[in-house]
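Listed below, chain by chain, are the residues.
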Amino acid sequence: QAQLVESGGGLVQAGESVRLSCTASGSIGSRNPMGWYRQTPGKQRDLVASITGSGTTNYADSVSGRFTISRDNAKNTLYLQMNSLKPEDTAVYYCNARVFRALTGWGDYWGQGTQVTVSP
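Residues numbered from 1 in each chain as written. Predicted model: local features only at pLDDT ≥ 70, side-chain atom pairs only at ≥ 80, totals over all residues. Heavy atoms only, no water.

Trainee: Can you tell me about the state of the cysteines, naming the residues and giving the values?
Mentor: Throughout this description, disulfide means a covalent bond between two cysteine sulfur atoms. This structure, assessed with the given rule, holds 1 disulfide. Between the sulfur of Cys22 and that of Cys95 lies a disulfide, 2.1 Å long from S to S. In this structure the cystine formed by Cys22 and Cys95 twists about its S-S bond by roughly -75°; its chirality is therefore left-handed. Of the two residues, Cys22 sits in strand β3 (residues 18-25) while Cys95 sits in strand β9 (residues 91-101), which places them 73 residues apart along the sequence. (Disulfide = S-S within 2.5 Å. Helix = DSSP H or I, 4+ residues; strand = E, 2+ residues; numbered from the N terminus.)

In structure tokens form, the structure reads like this:
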């Protein structure tokens, strides 16, 4: 059974840094595309950053240059280093992994979410 467990959220002040971690287990491995999404109340869940199995990264314009996504394949862990945080970065952050299955195609797995609150 695939599972994603996140950690690292909290309350910080604007300009500070936070690192989120997401540990994968089960059928999720180093070759699976993974990413971080965020969601605020009443809004859709938006992509923040993604990384392919080969390490290619992609970022939302709003976080490019401030956030860095990375993965440690030996630990099966995904990270999101968030620097120069702004109040508008406040959201619940979700870890995502995509898994391909022969019968059903691509499917998404999600972590439980971790709250990041940035005070002015």
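Moving on from the coordinates now.
Trainee: Tell me what's going on with the packing of aromatic side chains, and back it up with residues and numbers.
Mentor: Going through the model one piece at a time under the given rule, you end up with 2 aromatic pairs. Taking the centre distance of 5.0 Å and the plane angle of 70° together, the rings of Tyr37 and Trp110 count as edge-to-face. Taken as a pair, Tyr37 in strand β4 (residues 34-39) and Trp110 in strand β10 (residues 105-110) lie far apart in primary sequence, 73 residues in all. Owing to a relative accessible area of 36%, Trp110 belongs among the partly exposed residues under this scheme. Here Phe100 and Trp106 contribute two aromatic rings whose centre-to-centre distance is 5.4 Å and whose plane-to-plane angle is 65°, an arrangement assigned as edge-to-face. What makes Phe100 exposed here is its relative accessible area of 52%. The ring of Tyr94 is capped by Arg45, whose NZ or CZ atom sits 3.6 Å from the centre of that ring. (Phe/Tyr/Trp six-rings, centres within 6.5 Å; stacked < 30°, edge-to-face > 60°. Buried < 20%, exposed > 50% of the residue type's maximum accessible area, 1.4 Å probe, protein only. Lys NZ or Arg CZ within 6 Å of the ring centre and 35° of its normal.)

Trainee: Kindly report on the pattern of salt bridges, identifying the contributing residues and their values.
Mentor: This structure, assessed with the given rule, holds 3 salt bridges. Its salt-bridge partner being Arg38, residue Asp89 comes within 3.0 Å of it at the nearest N-O pair. With Asp89 in the loop between β8 (77-82) and β9 and Arg38 in strand β4, this residue pair connects regions lying 51 residues apart in the sequence. For Asp89, a relative accessible area of 1% translates into the label buried. The class for Arg38 is buried, based on a relative accessible area of 15%. Note that Asp108 is salt-bridged to Arg98, the shortest N-O span being 2.9 Å. In this pair, Asp108 is assigned in strand β10 and Arg98 in strand β9, connecting sequence segments 10 residues apart. (Salt bridge = Lys/Arg side-chain N within 4 Å of Asp/Glu carboxyl O.)

Trainee: Describe the pairing of β4, and please don't skip the residues or the numbers.
Mentor: Where β4 meets strand β5 (residues 46-51), 5 bridges bridge the pair, whose relative direction is antiparallel. Bridged to Met34 within β5 is Ile51. Connecting the antiparallel pair β4 and β5 is a turn made up of 6 residues, with Gly42 showing a positive phi of about 80°. (Pairing = 2+ DSSP bridges.)

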